[in-house]
Amino acid sequence: MSSVRAHILCWLSLVALARADGPTAIMDCHVHLWDIARPAGLGWIKKDDKTLNRSFLPADHEALARANGVSGIIVVQAGQSLPDNQWNLDITAHNPRLYRGVVGNFSETIGTPAFQPLFEKLCENPRYVGYRLSGRFQQKLSDAFFDDLRLTAQKGRTVDFLLGNYRLEQVAEIAHHVPELRIILDHLGGVKLDGKPLDAAWIDSFRAVAKHPNVRCKVSALFGRWEKQPARQDLAAYTEVLDLAFECFGENRLIYGSDWPVSEQTADYAAVLRLTRAYFDRKGRAVSEKLFHQNAAAFYRPPAPK
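Conventions adopted
- Residues numbered from 1 in each chain as written.
- Predicted model: local features only at pLDDT ≥ 70, side-chain atom pairs only at ≥ 80, totals over all residues.
- Heavy atoms only, no water.
- Buried < 20%, exposed > 50% of the residue type's maximum accessible area, 1.4 Å probe, protein only.
- Helix = DSSP H or I, 4+ residues; strand = E, 2+ residues; numbered from the N terminus.
- Pairing = 2+ DSSP bridges.
- Right-handed = clockwise from strand over helix to strand, strands pointing away.
- Phe/Tyr/Trp six-rings, centres within 6.5 Å; stacked < 30°, edge-to-face > 60°.
- Lys NZ or Arg CZ within 6 Å of the ring centre and 35° of its normal.
- Salt bridge = Lys/Arg side-chain N within 4 Å of Asp/Glu carboxyl O.
- Axes fitted to C-alpha atoms, helices over the stretch in contact; angles between N-to-C directions.
- Contact = heavy atoms within 4.5 Å.
- Polar contact = N/O pair within 3.5 Å; in protein donor to acceptor, adjacent residues only side chain to side chain.
- Core = buried A, V, L, I, M, F, W, Y, C linked by side-chain atoms within 4.5 Å.

Undergrad: Summarise the pairing of strand E5 (residues 158-161); cite the residues concerned and give the values.
TA: Of the two faces of E5, the one lined by Thr 158 and Asp 160 and the one lined by Val 159 and Phe 161 are each fully buried. Two strands pair when backbone bridges link them, and strand E4 (residues 128-133) and E5 are joined in this way by four bridges, in the parallel orientation. Residue Tyr 131 lies in a different strand from E5, and its bridge partner there is Val 159. Tracing the backbone out of E4, into helix H5 (residues 143-154) and back to the parallel element E5 gives a crossover that is right-handed. Of the pairings in the sheet, the one linking E5 to strand E6 (residues 182-185) comprises four bridges and is parallel in character. Along E6, the bridge assignment pairs Asp 160 with Ile 184.

Next comes the structure, spelled out in structure tokens:
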């Protein structure tokens with residue numbers, strides 16, 4: 001059986017599960033796990049952060065997933081350390097039915113000779129579904145950079161973009177030059193919320209990148225969109241950006257992610273899920289099924305649960 005046919009059959013089986021009677025199946029596509037004692041550390045966590053400056057491992061997360069009806073997880077590497085690509089696969093290998101896939105990180109090496117050997121080695125594990133570009137170590141989008149993205153597409157893997165060091169305009173350029181690459185914008189395209197209307201220039205850039213059909217948008221880190229923590233938890237605080245995302249990407253290109261445990265800076269795991277449901281459930285069960293499960297299965301294409 002070809003790999004493409006296998007992915008299609010896997011996706012159809014996941015769609016069937018999601019359409020079964022009962023609660024909407026949930027695949028959380030943005031969960032971080034980390035050991036604070038890992039050699040590379042996590043420089044973005046402040047030493048005095050009483051919420052995040054500790055380890056978050058599967059033992060901390062699995063019970064939360066069960067309690068909230070989450071049946072699948074895509075783990076997203078929290079830092080940029082190359083060895084942590086394999087570490088994330090290793091610490092979730094005991095429960096592949098829950099930890100369906102891992103998104104690693106190649107920020108440091110994409111576009112360099114170090115990329116291909118490690119990437120191809122990681123791709124030997126079908127749960128390695130892609131990687132994230134969160135940091136930027138090259139000023140230009142070089143030919144070698146695009147070659148590595150084309151290899152990523154050939155391998156059937158995905159790229160998450162954490163906006164900041166990469167801008168929406170550059171993601172649009174990448175999507176144009178590598179149309180076969182499956183791309184997703186993390187955290188609603190990096191939008192910043194402060195209670196004021198969304199920035200008009202950001203809206204224009206968001207609309208422009210959404211015109212590329214190979215780009216998805218992750219409805220993730222809702223609480224994290226507020227610089228000041230704890231964030232607001234009322235739906236009205238998020239309606240403008242959610243309306244915009246739904247208008248631009250439609251029901252077929254939006255994917256849910258909690259951003260746990262970073263979300264714990266505001267509230268518990270259930271709270272961000274409850275907030276997201278409050279918006280999407282009113283659009284009907286079919287839309288919720290796509291956001292919470294079907295779109296994720298079609299985009300990341302994790303191996304079928306065993």
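Undergrad: Please give an account of the packing of aromatic side chains that cites residues and values.
TA: Geometry of an aromatic ring pair is reported as the spacing of the ring centres plus the angle between the planes. Taken as a whole, this structure holds 20 aromatic pairs when the rule is applied. Plain terms: the ring middles of Trp 34 and Phe 56 are 5.2 Å apart, the flat faces sit at 75 degrees to each other, and that makes the pair edge-to-face. Residue Trp 34 is located in the loop between strand E1 (26-31) and helix H2 (58-67), and its partner Phe 56 is located in the loop between E1 and H2; the two are separated by 22 residues in the primary sequence. Summarising the burial analysis for this pair, Trp 34 and Phe 56 share the class buried. Aromatic pair Trp 260 and Tyr 269: ring centres 6.4 Å apart, planes at 90 degrees, arrangement edge-to-face. The pair Trp 260 / Tyr 269 is uniform in exposure class, with both members buried. One aromatic cluster is present, built from ring pairs that chain together Trp 34, Trp 44, Phe 56, Trp 260 and Tyr 269. Positioned above the aromatic ring of Phe 56, the side-chain terminus of Arg 54 is 3.9 Å from the ring centre. The ring of Phe 299 carries the charged tip of Arg 182 above its face, separated from the ring centre by 5.9 Å.

Undergrad: Describe the pattern of salt bridges, and please don't skip the residues or the numbers.
TA: Inspection of the entire model under this criterion finds 12 salt bridges. Salt-bridge contacts for Asp 84 lead to Arg 38; the nearest nitrogen and oxygen are separated by 2.6 Å. On the criterion of sequence distance, the pair formed by Asp 84 in helix H3 (residues 83-92) and Arg 38 in the loop between E1 and H2 is long-range, its members being 46 residues apart. A relative accessible area of 10% places Asp 84 in the buried class. As a salt-bridge pair, Lys 218 and Asp 160 come within 2.8 Å of each other at their nearest N and O atoms. You can see Lys 218 sitting in strand E7 (residues 215-220) and its partner Asp 160 sitting in strand E5, a full 58 residues away along the chain. The class of Lys 218 is buried, set by a relative accessible area of 0%. Through salt bridges with shared partners, a single ionic network connects Arg 132, Asp 160, Asp 186 and Lys 218.

Undergrad: Account for the sheet that holds E5, with residues named and values stated.
TA: By way of backbone hydrogen bonds, the strands of a sheet pair with one another, either parallel or antiparallel. The parallel open sheet is built from eight strands, whose spatial order is E1-E2-E3-E4-E5-E6-E7-E8. One side of each edge strand has no neighbouring strand; the edge strands of this open sheet are E1 and strand E8 (254-257). Strand after strand, the sheet turns through a mean of 25 degrees between neighbouring axes, direction not considered. Across the face of the sheet, H2 comes into contact with E1, strand E2 (70-76) and strand E3 (99-105) while running at roughly 130 degrees to E3.

Undergrad: Summarise the side chain of Asp 49; cite the residues concerned and give the values.
TA: Among the structural elements, Asp 49 can be located in the loop between E1 and H2. A distance of 3.0 Å separates a polar side-chain atom of Asp 49 from the backbone nitrogen of Leu 52.

Undergrad: Let's hear about the nonpolar core: which residues, and what values?
TA: Core analysis: the biggest nonpolar cluster contains 86 residues, and Tyr 131, Leu 149, Phe 206 and Tyr 238 have the highest contact counts within it. Residue contributions to this core peak at seven residues, all from helix H10 (residues 269-280). Those residues in contact with Tyr 238 that lie beyond four places of it in its chain are Leu 193, Leu 222, Phe 223, Trp 226, Ala 231, Arg 232 and Leu 275. If you look at the next biggest cluster of nonpolar residues, it comprises 11 residues, including Val 129, Ile 255, Ala 296 and Phe 299.

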